[in-house]
Amino acid sequence: MTIWNLISLAGGLALFIFGMNLMSDGLKLVAGSYLKKILEKLTQNRFVAMIVGAGLTALIQSSNAMCVMVVGFVNAGMMQLERSVGILMGAKIGTTITGQLIAFNISEIAPVIAFAGVAVTMFAKKPKAKNAGQIIASLGVLFIGLGMMNTAMKPLAHEQWFQSILSQFSNPLLGVLVGVIFTVIIQSASASVGVLQMMVVSGLMGFHQAFYIMLGMNIGASVAPALASIGARKDAKRVALIVVLFESIGMVLFLVVSWIFPVVLDWIAATAPDNASRQIANANTIFNCVTVLVLLPCASYLVRMAKAIIRGEDEKEVAALHYIDESGYQSGTVLIGQIDKEVGRMHGLVRQNLEASTMIYFNEKTITEEEFNENEAAVDFLNKEITAALIRTSELGISEIEALHVGHLYHIVTDFERIGDHAENVLGYARQMHEQKQKFSNKALKDLRELTQAVYKIFDLACENFARPSDELYHVIHDMEDDIDNMVDKMRNGNIKRLGKMKCEATQGLYFSEILVDLERVADHAMNIARAAKKSYQG
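Everything numeric here is computed off the predicted structure, so don't read it as measured data.

A.B. asks: Can you help me understand the overall build of the protein chain in this one?
C.D. replies: Regarding its fold elements, the protein chain presents 22 helices and 0 strands. A separation threshold of at least 6 residues defines the contact pool for the protein chain, and within that pool the share at least 24 residues apart is 81%.

A.B. asks: So what exactly am I meant to see when it comes to unusual backbone geometry here?
C.D. replies: Across the chain, the bulk of peptide bonds are trans and the bulk of non-glycine residues have phi less than zero. For Asn363, which is not glycine, the phi torsion reads 60° and is therefore positive. The backbone of Lys437 sits at a positive phi, close to 55°, despite the residue not being glycine. Mapped onto the secondary structure, Lys437 falls in the loop between helix H19 (400–435) and helix H20 (442–467).

A.B. asks: Could you clarify how one ought to interpret a nonpolar patch on the surface in this entry?
C.D. replies: On the surface, Val252, Val256, Trp259, Ile260, Phe261, Val263 and Trp267 cluster together into a nonpolar patch covering about 780 Å² of accessible area. When residues of the nonpolar patch are traced back to their parent elements, those giving at least two are helix H13 (234–260) and helix H14 (263–269). With 4 residues, the top contributor of residues to the nonpolar patch is H13. Tracing the backbone through its elements, the reader meets Val252 in helix H13.

A.B. asks: I would appreciate a short explanation of the packing of H13 against helix H16 (residues 299–309) in the present structure.
C.D. replies: Closest axis-to-axis distance for the H13/H16 pair is 9 Å, and the angle between their directions is 120°. When the interaxial angle is binned, H13 and H16 end up oblique. Here H13 and H16 pass one another in a crossing that is right-handed. In this structure, H13 contributes Arg238, Leu241, Ile242, Leu245 and Ile249 to the contact, and H16 contributes Leu302, Val303, Met305, Ala306, Lys307 and Ile309.

A.B. asks: Just checking my understanding: could you explain the side chain of Asn375 for this structure?
C.D. replies: Topologically, Asn375 is positioned in helix H18 (residues 369–396). Excluding residues within four positions of it along the chain, Asn375 makes contact with Val318, Leu349, Gln352, Asn353 and Ile367.

A.B. asks: Help me understand the nonpolar core, please; the structure alone is not making it clear to me.
C.D. replies: The tendency in soluble globular proteins is for nonpolar side chains to be buried as a group. Formed by 64 residues in total, the largest nonpolar core has its most connected members in Ile339, Tyr361, Phe416, Phe440 and Leu451. No other element matches the 13 residues that helix H22 (residues 506–538) contributes to this core. Ignoring sequence-local partners within four residues, the contact set of Tyr361 consists of Val426, Tyr429, Ala430, Met433, Phe440, Leu445, Leu448 and Ile515. Met149, Ala152, Met217 and Val264 belong to the second-largest nonpolar core, a separate cluster that totals 43 residues.

A.B. asks: Please clarify how the environment of Leu6 should be interpreted in this entry.
C.D. replies: Within the secondary structure, Leu6 sits in helix H1 (residues 3–41). The spacing of Leu6 and Met149 is 143 residues in sequence and 9.4 Å in space, taken between C-alpha atoms.

A.B. asks: Could you clarify how one ought to interpret the pattern of salt bridges in this entry?
C.D. replies: Pairing of side chains with opposite charge becomes possible as their charged atoms draw close. The tally for this structure, following the rule as stated, stands at 11 salt bridges. Glu355 serves as the salt-bridge partner of Arg351, at 3.2 Å between the closest nitrogen and oxygen. Highlighted residues: Arg351 and Glu355, both in helix H17 (residues 332–359), separated by 4 residues, approximately one helical turn. Accessibility expressed as a relative area gives 18% for Arg351, which makes it buried. The exposure class assigned to Glu355 is partly exposed, which follows from its relative accessible area of 30%. Glu520 is the salt-bridge partner of Arg492, the closest N and O atoms lying 3.7 Å from each other. Linking Arg492 in helix H21 (residues 471–500) with Glu520 in helix H22, this pair joins segments that are 28 residues apart in sequence. Through salt bridges with shared partners, a single network forms among Arg351, Glu355 and Asp460.

A.B. asks: Looking at this structure, how should I read the packing of aromatic side chains?
C.D. replies: Working definition: an aromatic ring pair is given by the centre-to-centre distance plus the angle between the planes. Here the structure, examined in full by the defined rule, presents 8 aromatic pairs. Taking 5.6 Å as the distance between ring centres and 85° as the angle between the ring planes, the aromatic pair formed by Phe211 and Tyr212 counts as edge-to-face. Exposure class is identical for Phe211 and Tyr212. Each is buried. Grouping aromatic residues by their ring pairs yields a cluster made of Phe207, Phe211, Tyr212, Phe254 and Phe287. The positively charged end of Lys341 is found above the aromatic ring belonging to Tyr323, 5.6 Å away from the centroid.

A.B. asks: Can you walk me through the packing of H19 against H20 in this structure?
C.D. replies: It is at 13 Å that the axes of H19 and H20 come closest, and there the two elements cross at 165°. Classified by the interaxial angle, the pair formed by H19 and H20 is roughly antiparallel. Between H19 and H20 the crossing geometry is left-handed. Contacts from His405, His408, Leu409, Ile412, Phe416 and Ile419 in H19 reach Phe459, Cys463 and Phe466 in H20. Tallied by class, the residues present in the contact of H19 with H20 amount to 7 nonpolar, 2 polar and no charged.

A.B. asks: Would you mind showing me how to read the environment of Ala306 here?
C.D. replies: The topology assignment puts Ala306 in helix H16. With 69 residues separating them in the primary sequence, Ala306 and Lys237 have C-alpha atoms 8.7 Å apart. Dropping the residues within four chain positions of it, Ala306 is found in contact with Arg238, Leu241 and Ile242.

What counts and how
All residue numbers refer to positions counted from 1 along the written sequence of the respective chain. Residues qualify for local features only when their pLDDT is at least 70, as the model is predicted, and side-chain atom pairs are given and counted only at 80 or more; totals for whole chains, interfaces and linings, by contrast, use all residues. Excluding hydrogens and water, the side-chain figures rest on all heavy atoms present in the structure. Labels follow the DSSP assignment, with helices taken as runs of H or I lasting at least four residues and strands as runs of E lasting at least two, numbered in each case from the N terminus. Contacts are assigned to residue pairs with any non-hydrogen atoms lying within 4.5 Å of each other. Residues with no salt bridge and a relative accessible area higher than 30% make up the patches, which join like charges within 9 Å and nonpolar side chains (Val, Leu, Ile, Met, Phe, Trp, Tyr) within 5 Å. For the accessible areas, the method is Shrake-Rupley and the probe is 1.4 Å, while residue cover comes only from the protein chains on display. The term salt bridge refers to a pairing of a side-chain nitrogen on Lys or Arg with a carboxyl oxygen on Asp or Glu at a separation within 4 Å. Whenever a helix is involved, its axis is fitted only over the stretch in contact; in every case the axis is a line through C-alpha atoms, and angles between N-to-C directions fall within 0 to 180 degrees. Comment on the angle field: the value is read as roughly parallel under 35 degrees, roughly antiparallel over 145, roughly perpendicular from 65 to 115, and oblique elsewhere. The hand of a helix crossing depends on one turn: near helix anticlockwise from the far one by less than a right angle means left-handed, and clockwise means right-handed. For the purposes of this section, nonpolar cores are sets of buried Ala, Val, Leu, Ile, Met, Phe, Trp, Tyr and Cys residues that join through side-chain atoms within 4.5 Å. Whether a residue is buried, partly exposed or exposed follows from its accessible area with a 1.4 Å probe, protein chains only, as a fraction of its type maximum: under 20%, in between, or over 50%, in that order. The criterion for an aromatic pair is that two Phe, Tyr or Trp rings (for Trp, the six-membered ring) have centres within 6.5 Å, with stacked assigned to planes under 30 degrees apart, edge-to-face to planes over 60 apart and tilted to the rest. Charge-over-ring placement is defined geometrically: NZ (Lys) or CZ (Arg) within 6 Å of the ring centre, and within 35 degrees of the ring normal. We call Asp, Glu, Lys and Arg charged. Ala, Val, Leu, Ile, Met, Phe, Trp, Tyr, Cys and Pro are nonpolar, and the rest, Gly among them, are polar.

Keep in mind that these numbers describe shape and distance, not what the molecule does.
In structure tokens, the structure reads:
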């Protein structure tokens, strides 16, 4: 074993992991925009959810990514905890496809595959074709790395010091521990199992030793969703805990069975007697499939265990992120879904303050002044944090449709923040009038009520149109905005006439005029929201 063997081993491992990550990123770019829709619609039945989880994980080639996405969806309230269990279990089956793919050992033609992928990426003009080229190139890079590792590992089989280390792995528990540590470092069960396959192929260890390390690697994969759940809602933490429980129960089950019936390992090895790499791939598939078969009927009990361990409900401040968390920064699709939920919160807070600031003129108090101030502080906070999160989406790789949606969200959150400022202005005028013991005339109040109702309606319709865009609703909003402009002009002239006839004081007229300006601006921002929705709809 020379220094060049070690360098080649490190380089092969780097290429292998890089290829795995590149392929996963490419596959997520191709399928990412559809994942949310699929997960939302096809997860009501536990068995169907398991199949969906297996299929999607096989598609994106990463159980870690799928589990982290589920954590993000649950944290954003887009998926119920109970519905996530089937997907999590299916993800564990889907991730075994990588090992089966590696067992084909196409390292000899890997450079040709990599070249073909790079050529497609360089010369293709359409984004989908470029993504496909990335997937093909990454597959070639992955197998080039595997070939380098296989060649570099072979001399280790003759090193006495290495063999003495491996002899310690005859203890199943130590093998499990090594597998856990290795996967925690690499952060990918698929990559870890791939390295293990190459070690067995190179003759560094036997199937029995590798089997227990493989069990530990599956447990180590649960660390990623656990880390992603830090700072998330309790249901998201429960999702991560369910992943840990699933892997741990499966590991204990196979340890006990293999201890009582050692022949079980021989049966698994016999599934591919002439292919050591396939033996590990089959063992990984069998482990996950059997564990799912045992635990899927007990999914409700896993949920109960998670709730018993992580108790209580979430209590969060208004001026805090409720949905965006670390899990979102693992996937652009998840992060955009979380941002949408935070934007929904922002809309609710602004709507509440808008109503509170205007209804106070009619002696109707909807919320306290303290609650109003908390809402306004939360809107300002969310404006900054959502904008920061939107900037981060570009780093995660998103589809054209998602990028268009992100661009419109930039403007939407700004419009919400401005509407919140106008509501604050309107409430400020009410405070000043109260201090000065002034009131509007009955005619002014009648005009104000008519205008506020129109502003509420255009704001609500604009937000509805952004959620579910339609040309018909856009034209309704457009006409309403024109009507509000005409209404404001008419009310402004009426205010001038009242001042001329001394039916109200100059100060009252000034406040009324300022309120008209602020409410007209609210309608303008609502129109901006509707325009953003129209662009998104047409795009």
